[in-house]
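Residues per chain, in single letters:
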Amino acid sequence: MKFENIGTGCITSSSLLEGRRRLDGAVLNASSSTDAHPATEARLDGSGWCSTQQGADIFMPYLEVEFATSVLFTAVVTEGFSESLTPFFLQRFQVEISREDGHFLYIATPTNSSKLKPAIFPLEQERITSTASYEAPLPVAVIGQRIRINPYQWNNNNFACTKLEVFGCPLQECKEETQLGVGNQTVVTVNGSKIEHDDLFNFDDNANSYCLPTNVERPLTITISFPSSVLITEVGIHGIPAAPFVRNQFVRSFSISYALGGTFVNYTRDNGMGTFTVSDAIRHFFGLWPPISTNMLKVTINSWQSRPCLNLLMLGCGSNNVVVHRIDPSAPTAGLVVGPVVTETTTETAFVSTTVTVTKTVESPVSTTFSPTPTSKPHPTVKPTQSSSTICSSDDDDDNVPIYVSIAIVVAGVIVTMIIVVAGVIFCRRRYRRQHLEAKSSDPLISRSYGSINRPTSVGVDNDLYGQPALQITKPRGEDPHAMYDKPPPRGKDNPTYGVLRSGEHSTSGAYSYPTQ
């Protein structure tokens, strides 16, 4: 793996989807997926995941990883990819955590007002700008069973696409891992008979392998008794590889059981299987999730190639070196620990709902809590409108506005602006037209030719506000009332229909006259 021990909160933060200690039972889901890029291809060694443009998924797609057991999450890694020379990657994203109850909580960061708001990654820069891997350590390690990546912004307008890796550790881990079983205090028996176990626990490449006898009663069982309780976190196995005149000799499958309360319990891995299988004689490693805490371990050989030859590796620590991450029942119900604490089970509260505290029995423990919201988000194939999953403890926190609400506000503002502009244009056009008509009506020639708005029934001169004569024109007598708008009416003495306005002639009443011919 090119990524190692990312994030804080674990003694050893391991890759959960790839590598030696991956969780084989991890299930990848998504709000929606394209046929070419389903959620199951979201691992770093896959082709990548892409959302679709359906329903609410246009604004709120998500990629989710569900584990069979609770883990302590410490970091995520996103990585883009290219297809047909087109890059696809997330520029910004958010992270949510859920426990077994299905309620999700945003990973949060404090604001200047000491309130918490959903953290938007990357925290240290504006956005991701390429398909290169981006490591995102969580501000605080959190216990959970499901982790969700919510794309917040991406480079392609059509699809939100990414690859994903998750880092964390089991709820029990060792301060320092060592090889277990080495030494004379460990007792090893094969089908009840004690054996010397130096070759069995020698895991060097060139070491001699221990070959179990095949002439004894089946199944073949190796029982390992430790002098005290130990925590086993990983097992490894290899056999005798093929060589000139030598065939492959190795164990094909085996199962593990451990002593608990005086009886043996079959160990079931996180993927629900209790059998470990290998296909060749080279080294194979299996992380134990959850780790096994016991003082006696039993390895049952189910099948082998040629002969049951093996070298066995057990990694772990004694009980005095175990670090336990646990939910603290004494933590207040309204709070979230957002950083490390200086003493065990000390919490800093600033959040909402049920609290989960992760404590470590080391000198500087890291405590982590998270609180689910009252309502959970649905998980359909194509994501419908989701219920709110806010992490704010008060109603006046304006920093937690979903993106689709912001888009709706912007669209509404654009529509209102367009309405105001159109109304202003209509008003200005009407005002301009009215002023234009008034200007025409004040010109005697234009008024005489085209008629007036009020169309008075007599012609006369009245004084206006400035003492000047104001001419009022009647509609032409004997003409079609609509014809005067098509062409100017004839004037002069040759037209008997109209009178001739002679300059300087006034009637006794002070008005112009229309002499007849």
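Since the model is a prediction, treat every value here as computed from it, not as a measurement.

Participant: Would you take a moment to explain empty space enclosed by the protein for this structure?
Facilitator: The probe, sized like a water molecule, is rolled over the atoms to show the empty space still left. Summed over the entire model, instances satisfying the criterion amount to four cavities of 30 Å³ or more. Estimated volume of the largest cavity: approximately 110 Å³. Taken together, 14 residues form the lining of the largest cavity, with Arg21, Pro170, Glu173, Glu177 and Thr233 sitting closest to its centre. Class assignment for the residues of the lining of the largest cavity results in six nonpolar, five polar and three charged.

Participant: It is not clear to me how unusual backbone geometry should be interpreted in this structure. Could you clarify?
Facilitator: Where the residue is not glycine, phi is negative for most of them; where a peptide bond is considered, it is trans in most cases. At the junction of Phe121 and Pro122, the peptide bond is cis and its omega measures out at 5 degrees in the coordinates. Assignment of secondary structure puts Pro122 in the loop between β10 (116-118) and β11 (134-154). Between Trp289 and Pro290 the backbone carries a cis peptide bond, its omega angle lying at -5 degrees. On the secondary structure map, Pro290 appears in strand β22 (residues 284-305). Residue Ser84 is not a glycine yet carries a positive backbone phi of 55 degrees. Following the sequence through the fold, Ser84 ends up in the loop between β5 (81-83) and β6 (86-88).

Participant: What am I meant to see in the pattern of salt bridges here?
Facilitator: Two side chains carrying opposite charge are able to pair once their charged atoms lie near each other. Tallied over the full model, the rule gives eight salt bridges. Put simply, Arg269 and Asp24 hold a salt bridge, and the shortest N to O gap is 2.7 Å. Here Asp24 lies in the loop between β1 (14-15) and β2 (27-30) and Arg269 lies in the loop between β20 (263-266) and β21 (275-277), a separation of 245 residues in the sequence. On the accessibility criterion, Arg269 (13% relative accessible area) is buried. Judged by its relative accessible area of 31%, Asp24 falls in the partly exposed class. Connected through shared salt-bridge partners, Arg20, Arg21, Glu177 and Glu234 make up one network.

Participant: What should I look at first to understand the nonpolar core in this one?
Facilitator: The tendency in soluble globular proteins is for nonpolar side chains to be buried as a group. Val65, Phe67, Phe73, Phe93, Val95, Ile147 and Val166 are the most contacted members of the largest nonpolar core, which totals 36 residues. Elements with a minimum of two residues in this core: β2, β4 (63-79), β7 (90-98), β11 and β12 (161-169). Each residue touching Phe93, except ones within four places of it in the same chain, is listed here: Val76, Thr78, Ala119, Ile120, Phe121, Ile128, Tyr134, Ala136, Ile149, Asn150, Pro151 and Tyr152. Counting 34 residues, the second-largest nonpolar core is a separate cluster that includes Leu220, Ile256, Phe286 and Leu288.

Participant: I tried to follow the state of the cysteines on my own but got confused; where do I start?
Facilitator: What is meant by a disulfide is a covalent connection between two cysteines, made through their sulfur atoms. Applying the stated criterion across every chain, the model contains four disulfides. A sulfur-sulfur separation of 1.9 Å characterises the disulfide bridge that pairs Cys10 with Cys169. With the S-S bond torsion at -80 degrees, the cross-link from Cys10 to Cys169 turns out left-handed. In this pair, Cys10 sits in the segment before β1 while Cys169 sits in strand β12, placing the two residues 159 residues apart along the sequence. Accessibility expressed as a relative area gives 9% for Cys10, which makes it buried. Residue class for Cys169 comes out buried when judged on its relative accessible area of 1%. Residue Cys211 pairs covalently with Cys309 via a disulfide, S to S 1.9 Å. Classification of the bridge connecting Cys211 and Cys309 rests on its S-S torsion, roughly 105 degrees, and on that basis the disulfide is right-handed. In this pair, Cys211 is assigned in strand β17 (residues 210-211) and Cys309 in strand β23 (residues 309-318), connecting sequence segments 98 residues apart. What makes Cys309 buried here is its relative accessible area of 0%.

Participant: I'm lost on the side chain of His325 in this one. Help?
Facilitator: Summarising the element assignment, His325 is placed in the loop between β24 (322-324) and α1 (403-441). A distance of 3.0 Å separates a polar atom in the side chain of His325 from a polar atom in the side chain of Glu173.

Participant: When you look at the confidence of the model for the protein chain in this model, what are you seeing that I'm missing?
Facilitator: Parts of the prediction with low pLDDT should not have their coordinates interpreted in detail. When pLDDT is averaged along the protein chain, the result is 74, and 67% of the positions lie at 70 or above. Counting interchain partners and residues more than four positions distant, the pLDDT-below-50 stretch residues 331-400 has 199 contacts. When the criterion is pLDDT under 50, residues 471-475 qualifies, and its contacts beyond four places in sequence or with other chains add up to 18 contacts.

Participant: I tried to follow the pairing of β7 on my own but got confused; where do I start?
Facilitator: Looking along a regular strand, one sees the side chains alternate between the two faces of the sheet. Burial within β7 is extensive, with eight of its nine residues counted as buried. Pairing geometry for β7 and β11, over eight bridges, is antiparallel. What sits directly across from Ser98, in β11, is Arg146. In this sheet, strand β8 (residues 104-106) lies alongside β7 in antiparallel orientation, the contact comprising three bridges. Bridge assignment links Ile97 to a residue of β8, and that residue is Leu105. Between β7 and the antiparallel strand that follows it, β8, lie five residues; Gly102 among them carries a positive phi value of about 90 degrees.

Participant: Even after reading the chapter, I still don't get a nonpolar patch on the surface, so can you show me in this structure?
Facilitator: Together, Ile407, Val411, Ile415 and Ile419 make up a nonpolar patch on the protein surface, roughly 340 Å² of accessible area in all. Residue position: Ile407 is located in helix α1.

Participant: Looking at this structure, I do not really get the environment of Thr131. What am I missing?
Facilitator: Looking at the element boundaries, Thr131 is found in the loop between β10 and β11. Counting along the chain gives 40 residues from Thr131 to Gln91, while the straight-line C-alpha distance between them is 9.4 Å.

Participant: Would you explain the packing of aromatic side chains in this entry?
Facilitator: Aromatic rings in a pair are described by how distant their centres are and how their planes are angled relative to each other. Enumeration over the complete set of coordinates arrives at eight aromatic pairs. A ring pair is formed by Phe93 and Phe121, whose centres lie 5.5 Å apart and whose planes are at 20 degrees; its orientation type is stacked. With Phe93 in strand β7 and Phe121 in the loop between β10 and β11, this residue pair connects regions lying 28 residues apart in the sequence. Ring-pair connections join several aromatic residues into one group, and the members of that group are Phe93, Phe121 and Tyr134. For Arg20, the ring lying beneath its charged end belongs to Phe285, and the centroid distance is 3.8 Å. Cation over ring: Lys298 sits above Phe264, and NZ or CZ is 4.1 Å from the ring centre.

Participant: Would you explain the pairing of β11 in this entry?
Facilitator: Judged by how many residues are buried, β11 sits mostly within the fold: 16 of 21 residues are covered. Examined bridge by bridge, β4 and β11 share 11 bridges and lie antiparallel to one another. By the bridge assignment, Val71 is partnered in β11 with Gly144.

Rules and cut-offs
By convention here, each chain's residues receive numbers from 1 onward along its written sequence. Under the rules for a predicted model, residues below a pLDDT of 70 receive no local features and side-chain atom pairs below 80 are neither given nor counted, while totals for whole chains, interfaces and linings still include all residues. As a rule here, side-chain values come from all non-hydrogen atoms in the structure, and water together with hydrogens is ignored. The rule is simple: put a 1 Å grid over the protein atoms alone, call a set of points where a 1.4 Å probe fits but cannot get out a cavity, call an open set with protein on both sides within 12 Å along at least five of seven lines a pocket, and count a residue as lining if it has an atom within 4 Å of a point. Grid points are joined across faces, edges and corners, and a volume is the space filled by probe spheres set on the points. Classes in brief: Ala, Val, Leu, Ile, Met, Phe, Trp, Tyr, Cys and Pro nonpolar; Asp, Glu, Lys and Arg charged; the others, Gly included, polar. Strands here mean DSSP runs of E at least two residues long; helices mean DSSP runs of H or I at least four residues long; both are numbered from the N terminus. Throughout this description, the term salt bridge denotes a Lys or Arg side-chain nitrogen within 4 Å of a carboxyl oxygen of Asp or Glu. A simple rule labels every residue: compare its accessible area, found with a 1.4 Å probe on the protein chains alone, to the largest value its type can have, and call it buried under 20%, exposed over 50%, or partly exposed in between. The criterion is simple. A nonpolar core is a set of buried Ala, Val, Leu, Ile, Met, Phe, Trp, Tyr and Cys residues joined through side-chain atoms within 4.5 Å. Whether two residues are in contact is decided by their heavy atoms, any of which lying within 4.5 Å being enough. A pair of sulfur atoms, both from cysteines and within 2.5 Å, is called a disulfide here. Two N or O atoms count as a polar contact when they lie within 3.5 Å, although within protein this holds only if one can serve as hydrogen donor and the other as acceptor, and sequence-adjacent residues are included solely when both atoms are side-chain atoms. Each residue carries a pLDDT score, the predictor's confidence in it, ranging from 0 to 100. DSSP bridges decide pairing: two strands pair if at least two such bridges lie between them. Only residues above 30% relative accessible area that lack a salt bridge enter a patch, with like-charged residues linked at up to 9 Å and the nonpolar side chains Val, Leu, Ile, Met, Phe, Trp and Tyr linked at up to 5 Å. Only the protein chains shown count as cover for residues, and the accessible areas themselves come from Shrake-Rupley with a 1.4 Å probe. Any Phe, Tyr or Trp ring, taking Trp's six-membered ring, that has another such ring centre within 6.5 Å forms a pair; planes under 30 degrees apart are called stacked, those over 60 apart edge-to-face, and the others tilted. Whether a charge lies above a ring is judged from NZ of Lys or CZ of Arg, which has to be within 6 Å of the ring centre and within 35 degrees of the ring normal.

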